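Architecture and fold: a report
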Amino acid sequence: MNKRTGDPLLQINGLSRAFSNGKDKLQVLQSVSLDACEGEFIAIIGPSGCGKSTFFNILAGLISPDEGNIMLDGKKVPHLRGRMAYMQQKDLLLPWRNTLDNAILGMEIQGRHKRSAREQARELLKIFGLEGFEEHYPQELSGGMRQRVALMRTILCKKDILLLDEPFGALDAMTRGIMQRWLLKVWGQFGPSVLLVTHDVEEALILADRIYVMTSRPGSIKGSLQVSFERPRRITQADMVDCKKYLLELLEEEIMVGQP
Amino acid sequence: MKARFYNTGLPIALLVILGLGWEASVRLFEIPPYVLPGPLQILEVMWQRMDLLAAHGLVTLTEIGLGFWVALVVGFTLAVLIHSSQILEWAFLPLIISSQTIPVFAIAPLLILWFGYGIGSKVVMTAIIVFFTIVINTVEGLKAADPDTLALLKILEATPGQVFFKVRIPQSLPFVFSGIKIGVAVSVIGAVIGEWVGAREGLGYLMIHANAQLQVELVFASIAWLSILGTGLYGVVVVLERLLVPWRQRAASLISES
Ligand SMILES: Nc1ncnc2c1ncn2[C@@H]1O[C@H](COP(=O)(O)OP(=O)(O)O)[C@@H](O)[C@H]1O
Ligand SMILES: [Mg+2]
């Protein structure tokens, strides 16, 4: 089920960004280029601190790049806001809202009525494993549950590009598997283009059409891998094992470089 | 549960012990009641003069209540304005802070002159004294919004109005309530000072009046009533906070359980 079609929906060309703290300049991203087709599922893996979150923050327009540009539907745009829903690495739930009301925050801001938004969110509680916790405040939820509420808030925004920054990082292996399968289902149903950052090579292989590997800081694209196996995939398939080996080798080189 | 028992039980026990010690000393050293009456005598007066004390108490309570509302409405509005504009902050905040160095006692006679012997001057006095903590705390609360949360709202394409009502206001509520709690304590002072300087009714007036006639038990009874009023108001604020800021309560109870 490879959805790649003709022209890319999204083209990112040579994004660079440095942060300066005092006199020191820290080059975080160095000419990152990648593209994504409509409905494509892209995974980005890279050593921690290589600038993955910074990259997403640029796409979301939270920070501006020093160089490079973003093309959406062949047109240059400053950022993807308006077209994308972005789940940041932190869950950022509002402590004064319970599970249900945190999940509908995006819809509410889009102008939906609270009542109908809540009804819609209620239907998803079960899939997200949050049934019975709709009245709980974030402080009363586990890290994994909080992450699922944040994911729910992101999905409910119903945008055609999803940016997910390590969305399953805080989940245990079993829940992670369930959420991965569920994400594939949502993706199959609504067909958004997905950019997913993960540090988990297996997760990338199970989910993505294409995987980009980033170098250690300053981050740039080291290589990419097309994954054309039928879904649902198993990490134990012989050809998947080969892919995993290849990706791990690429990553390990970078981690060596990162720690001289 | 256990904590709550100790929370209310221990202060009451301490109060009883102190009261017993006081009563014993007064009897032991034969202190005359026009110098220092014993607690039992004060309780007796509180009971006998219930109608008088309640009538004056109601006046003081009204002054405090009205003054508080004025302070809350004006203070909150001003805080929102100060928060919304850097120019207003620069202009107002230093003046508001330095206005605190003027003792309320100093302007009390003027307020009586301008607003009369009636309830008006006491309402203004209370409002002035409470206003400060409301403004300062609300401004701080409005500024306290977490930058990451503001970034999230930006991602969700919230309008400035949505940011204000969905994040800034709820985020500021705990701060506003700390301001209100301090305000409750000082509001009693404001009303009483106003009554001391010039009034025909209220617990402060009753104290001065009773003191002049050497009815020291009545002075103490008035003080006891004032303290009951203040504590009661504080309780009302705590209940309101529980209703309006439930998430904070839950967080606190989680911490104490673990
Ligand atoms: N606003 C900032 N100011 C200064 N340094 C930053 C800022 N944001 C990120 N960095 C630095 O950039 C590097 C990459 O961060 P990040 O993008 O979060 O990496 P990743 O998500 O790949 O782990 C880190 O070393 C981090 O300290
Ligand atoms: Mg990151």
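In what follows, the structure referred to is the one given above.
In what follows, the accompanying structure is described. (Residues numbered from 1 in each chain as written. Chains lettered and ligands numbered in written order. Predicted model: local features only at pLDDT ≥ 70, side-chain atom pairs only at ≥ 80, totals over all residues. Heavy atoms only, no water.)

1. Digging into unusual backbone geometry
All names here are of chain A. Here the bond from R217 into P218 is cis, since omega is -5°, no more than 30 degrees from zero. Along the chain, the position of P218 falls in the loop between strand 9 (210–214) and strand 10 (221–226). Residue P232 is bonded to the preceding R231 through a cis peptide linkage, with omega at -5°. One non-glycine residue, D73, adopts positive backbone phi at about 50°. (Helix = DSSP H or I, 4+ residues; strand = E, 2+ residues; numbered from the N terminus.)

2. Structural notes on the nonpolar core
Across soluble globular proteins, nonpolar side chains show a tendency to be buried alongside one another. One finds F41(A), F128(A), L151(A), M152(A), L205(A), I211(A) and I180(B) to be the most contacted residues of the largest nonpolar core, which totals 92 residues. Broken down by element, the residue count for this core peaks at 8 residues, all from helix 6 (residues 119–143) of chain B. When residues of this core are assigned to domains, at least three fall in each of domain 1 (8–83 + 159–257) and domain 2 (93–158) of chain A. In this view, F128(A) contacts R148(A), L151(A), M152(A), I155(A), M179(A) and W182(A); residues no more than four positions away in its chain are not counted. (Core = buried A, V, L, I, M, F, W, Y, C linked by side-chain atoms within 4.5 Å. Buried < 20%, exposed > 50% of the residue type's maximum accessible area, 1.4 Å probe, protein only. Domains from an automatic or database assignment. Contact = heavy atoms within 4.5 Å.)

3. Brief notes about the packing of aromatic side chains
All told, the structure shown has 8 aromatic pairs over all chains when counted by the stated rule. Note on F55(A) and F56(A): the rings are 6.1 Å apart at their centroids and 35° apart in plane angle, and the pair reads as tilted. With relative accessibility at 1%, the residue F55(A) sits in the buried group. Exposure remark for F56(A): the relative accessible area of 0% places this residue in the buried category. For the ring pair W96(A) and W247(B), a centre distance of 5.9 Å and an interplane angle of 55° mean the geometry is tilted. On the criterion of chain membership, the pair formed by W96(A) in the loop between strand 6 (84–87) and helix 2 (99–103) and W247(B) in helix 11 (residues 246–257) is interchain, its members lying in two chains. (Phe/Tyr/Trp six-rings, centres within 6.5 Å; stacked < 30°, edge-to-face > 60°.)

4. Comments concerning the coordination of the magnesium ion (ligand 2)
When a metal holds four donors in a tetrahedron, each ideal angle between them is 109.5 degrees; when it holds six in an octahedron, the ideal angles are 90 or 180 degrees. Residues and elements named next belong to chain A. Binding of the magnesium ion (ligand 2) to the protein goes through S53 (OG) and Q89 (OE1), at separations of 2.1 to 2.3 Å. Highlighted residues: S53 in helix 1 (residues 52–59) and Q89 in the loop between strand 6 and helix 2, separated in sequence by 36 residues. On the basis of relative accessible area, Q89 is assigned to the partly exposed category, the value being 43%. (Donors = N, O, S within 2.8 Å, 3.2 Å for Na, K, Ca; no water.)

5. Quick notes on helix 1 of chain A
Residues and elements named next belong to chain A. Counting buried residues along helix 1, 7 of its 8 residues qualify, which places the element largely inside the surrounding structure. Looking only at helix 1, the buried set comprises K52, T54, F55, F56, N57, I58 and L59. In the stretch just after helix 1, G61 is the one whose phi turns positive, near 80°.

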